[in-house]
Amino acid sequence: MDPITQGTVGAAFAQSTANKNNILRVGVIGFLAGLAPDLDVLIRSSTDPILFLEYHRQFSHSLFFIPFGALIVTLFLYPLFKKSLNLKAVYLASFLGYATHGLLDACTSYGTLLFWPFSNERVTWNNISIVDPLFTIPILILIGTAIKTRKRLFSFFAIGWIIFYLSLGFVQYERTLSAASEL
């Protein structure tokens, strides 16, 4: 997925745990945590110029790595938010934001190593495009509305939209598989 979508989905899920006084801060943490797994592209080697491709969408995107990735994000962000949020709140927002990334990437045609280290098979559900404004723009509007009104209800509406839209993609994917098997 594109970075804006990754961060936006992370923000929506993180905001669902916020109260009206910290909804913006929690949303920012969720947004940044939603981007964090793609930092695997920084894995570089002077002797192997395509090493970053080998590691992209690998361990940092796995379900197994979510608690550790969220902890790393928390360690970087907590000093910035410690005056207004406790460590538990920062970790929870980081966890929710980070957790969305690998699952969202699995919804694309490229897939991800969702079950690493137990499997090296890429999970690809192919039910959404890499860039899909019809998916992202309503989420952006809803999380923006949640921030403006200081009501996390709009974050839940955003999560509902995410689930609904991805479910439509799964239905289409199943129909495509069914049609292909009839051939």
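Above this note sits the structure.
What you are looking at is a predicted structure, and each value in this text was computed from that prediction instead of being measured.

Peer 1: I'm lost on the environment of leucine 113 in this one. Help?
Peer 2: With respect to the helices, strands and loops of the structure, leucine 113 is situated in the loop between helix H5 (87–106) and helix H6 (133–149). Overall, the relative accessible area of 7% leaves leucine 113 in the buried class. Each C-alpha atom, one on leucine 113 and one on glycine 102, is 8.2 Å from the other, the two residues being eleven residues apart in sequence. Apart from residues lying up to four places away in sequence, leucine 113 is in contact with Arg57, Gln58, Ser62, Asn120, Glu121 and Arg122.

Peer 1: I keep staring at the nonpolar core and nothing clicks. Help me out?
Peer 2: Nonpolar side chains in soluble globular proteins tend to end up buried together. By size, the foremost hydrophobic cluster in this structure holds 19 residues, and its most contacted members are Ile29 and Tyr98. For this core, the secondary-structure elements that each account for two or more residues are helix H2 (23–35), helix H4 (66–81) and H5. For this core, the element with the most residues is H4, which contributes five residues. Each residue touching isoleucine 29, except ones within four places of it in the same chain, is listed here: Leu77, Phe81, Leu85, Val90, Ala93 and Ser94. Of all hydrophobic cores here, the second largest spans 16 residues; its members include Ala11, Ile128, Ile159 and Tyr165.

Peer 1: Teacher, can you tell me more about the side chain of serine 155 here?
Peer 2: With respect to the secondary-structure elements, serine 155 resides in helix H7 (residues 153–182). The exposure class of serine 155 is buried, given its relative accessible area of 0%. A distance of 2.7 Å separates a polar atom in the side chain of serine 155 from a polar atom in the side chain of glutamine 15. Sequence-distant contacts of serine 155, defined by excluding residues within four places in its chain, comprise Ala12, Gln15, Ser16, Ile23 and Ala146.

Cut-offs used in this document
Residues numbered from 1 in each chain as written. Predicted model: local features only at pLDDT ≥ 70, side-chain atom pairs only at ≥ 80, totals over all residues. Heavy atoms only, no water. Helix = DSSP H or I, 4+ residues; strand = E, 2+ residues; numbered from the N terminus. Buried < 20%, exposed > 50% of the residue type's maximum accessible area, 1.4 Å probe, protein only. Contact = heavy atoms within 4.5 Å. Core = buried A, V, L, I, M, F, W, Y, C linked by side-chain atoms within 4.5 Å. Polar contact = N/O pair within 3.5 Å; in protein donor to acceptor, adjacent residues only side chain to side chain.

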